[in-house]
Amino acid sequence: MAETKNLTEYYIQADPIIIPDSFEGYPLRYFNLPLHYRDDLNYVLIPYGLVQDRIEALASRIFHDLTINIPEQLICICVLKGGYRFFSDLISKIQNENRLQNNRSLPMSLEFIRTRSYINDYSSNQLEIIGLSDLNNLKNRNLLIIEDIIDTGITMVALKEQLEKFQPKTIQVVSLFTKRRKDKQCIFKPDYCGFEIPDHFIVGYALDYNEYFRDLEHICILKESGVAKYKINDN
Ligand code: HPA
Ligand code: MG
């Protein structure tokens, strides 16, 4: 049955789970949350368990897509700091595939760069990319950029442009989240994505607000009072 074969081949979606604007999230009382953040949060948008399930699915899809032909070493680039947990979990789930699949394998090497553009909860125009000069031997290699969130898309466009200069063979991007912005459309679509979220500022699972909330498991939305409490006065 040819139909069944196609189904199993492309059964895991590379496109995101869409979280609609009307979704009101999960009340905090259903979750175990750190005491130091409990008063600052409004609700849980995506529980940690669902994040993990989606990452496992993405890992499986990426593994299968990239091992259809003779696999070459994949250079996985972690975009710090916000991407560190997604990177770590995605890589470990691809490693599981490597361990459990007997007829396919995907060798990987790991690189780290750092970008920063957010102050408080708005995107500043100054983008910093740190660590590009430490990347070596990207020429003719397959790159996978692993990013936490694509918001305006400006960071990813700039980052890809910088990486093109190393003349890699391919550049693919996986982002755990993309944001459906109200003001303007995001200018970048990743090859693989976990969730498309409404236009809210999210924290948790290594995504921060002024360096706070990285140490929170669930993806959450802040209360106004939480936003005010950790705001940086930059003038
Ligand atoms: N949360 C945290 N960091 C971010 C976000 C967000 O919603 N968008 C871009 N960087
Ligand atoms: Mg950040």
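Please refer to the structure placed before this passage.
Everything numeric in this text was worked out from a predicted model, so none of it was measured.

Q: Lay out the overall build of the protein in plain terms, naming residues and giving numbers.
A: For the protein, the helix and strand inventory stands at six helices and ten strands. The burial tally for the protein puts 46% of its 235 residues in the buried class. Element-wise, carbon and sulfur atoms account for 49% of the exposed surface of the protein, whose accessible area totals about 12800 Å². Taking the average place of the 27 positive charges on the side chains of the protein and the average place of its 32 negative ones, the gap between the two points comes to 1 Å.

Q: So what about the pattern of salt bridges? Which residues, and what values?
A: This model, assessed by the stated rule, comprises 14 salt bridges. Between E72 and K169 there is a salt bridge; the shortest N-O distance is 2.5 Å. Of this pair, E72 sits in the loop between α3 (48-65) and β3 (74-80) while K169 sits in the loop between α5 (154-164) and β7 (170-179), and the two are 97 residues apart along the sequence. Here K169 falls in the partly exposed class, since its relative accessible area comes to 47%. Two residues, E211 and K81, come together in a salt bridge whose shortest N-O distance is 3.1 Å. Taken together, the residues E211 in the loop between β9 (202-203) and β10 (219-222) and K81 in the loop between β3 and α4 (84-100) connect sequence positions 130 residues apart. You can call K81 partly exposed: its relative accessible area is 32%. What you see here is one network of salt bridges that share partners, running through D151, K179, R181, D183 and K184.

Q: Describe the packing of aromatic side chains, naming the residues involved and giving the relevant values.
A: Evaluated as defined, the whole model comprises nine aromatic pairs. When the centroid spacing of 4.3 Å and the interplanar angle of 35° are considered together, the rings of Y37 and F213 count as tilted. Placement of the pair is Y37 in helix α2 (residues 35-38) and F213 in the loop between β9 and β10, with a sequence separation of 176 residues. Note on F213: relative accessible area 0%, which makes it buried. Ring centres of F213 and Y230 lie 5.2 Å apart, and the angle between their planes is 80°; this geometry places the pair in the edge-to-face category. Here the residue F213 occupies a position in the loop between β9 and β10, and Y230 occupies one in the segment after α6 (224-229), the gap between them amounting to 17 residues. Taken together, the ring pairs in this structure connect Y37, Y212, F213 and Y230 into an aromatic cluster.

Q: An account of the sheet that holds β10 is needed here, citing residue identities and associated values.
A: Strands sit in the order β2-β10-β9 across an open sheet of three strands; the sheet is antiparallel. Of all the strands in the sheet, just β2 (41-46) and β9 have a single pairing partner and so form its edges. For β9 and β10, the ladder comprises two bridges, and the chain directions are antiparallel. Residue pairing for β10: I202 is matched across the bridge by I221.

Q: Break down the environment of E56 for me, with residues and values.
A: With respect to the helices, strands and loops of the structure, E56 is situated in helix α3. Residues E56 and D89, spaced 33 residues apart in sequence, show a C-alpha to C-alpha distance of 8.3 Å.

Q: Give a description of the side chain of E97 that names residues and reports values.
A: Along the chain, E97 falls in helix α4. The side chain of E97 sits in the buried core without any salt bridge; R104 is the nearest counter-charge, 8.4 Å away. Setting aside chain neighbours within four positions, we find E97 in contact with A59, S60, F63 and H64.

Q: Summarise the pairing of β3; cite the residues concerned and give the values.
A: Taken across its seven residues, β3 has six buried, putting it largely inside the fold. The pairing of β3 with strand β6 (residues 142-150) spans five bridges and is classified as parallel. Bridge assignment links I75 to a residue of β6, and that residue is L143.

Q: Report on the nonpolar core, specifying residues and quantitative values.
A: Among the nonpolar cores identified, the biggest contains 35 residues, and L90 and F177 are the most heavily contacted of them. Counting only elements with at least two residues in this core, the list comes to β2, α3, β3, α4, β6, β7, β8 (192-197) and β10. Beyond its immediate stretch of four places on either side in the chain, L90 contacts I55, L58, A59, I62, I146 and V174. By size, the runner-up hydrophobic cluster in this structure holds 16 residues, among which are I77, L132, L143 and V173.

Q: Now, about the state of the cysteines: what can you tell me, with residues and values included?
A: Evaluated as defined, the whole model comprises zero disulfides. Unpaired in terms of disulfides, C76 finds its nearest cysteine sulfur in C78, a separation of 10.0 Å.

Q: Explain the side chain of E196 to me, using residue names and the numbers behind them.
A: Along the chain, the position of E196 falls in strand β8. For E196, a relative accessible area of 18% gives the class buried.

About the criteria used
- Residues numbered from 1 in each chain as written.
- Chains lettered and ligands numbered in written order.
- Predicted model: local features only at pLDDT ≥ 70, side-chain atom pairs only at ≥ 80, totals over all residues.
- Heavy atoms only, no water.
- Helix = DSSP H or I, 4+ residues; strand = E, 2+ residues; numbered from the N terminus.
- Buried < 20%, exposed > 50% of the residue type's maximum accessible area, 1.4 Å probe, protein only.
- Areas by Shrake-Rupley, 256 points an atom, 1.4 Å probe, with all protein chains shown as cover.
- Lys, Arg positive; Asp, Glu negative; His and termini not counted.
- Charge placed at Lys NZ, Arg CZ, Asp CG, Glu CD.
- Salt bridge = Lys/Arg side-chain N within 4 Å of Asp/Glu carboxyl O.
- Phe/Tyr/Trp six-rings, centres within 6.5 Å; stacked < 30°, edge-to-face > 60°.
- Pairing = 2+ DSSP bridges.
- Contact = heavy atoms within 4.5 Å.
- Core = buried A, V, L, I, M, F, W, Y, C linked by side-chain atoms within 4.5 Å.
- Disulfide = S-S within 2.5 Å.

It is worth stressing that arrangement in space is one thing and function is another; only the former is reported here.
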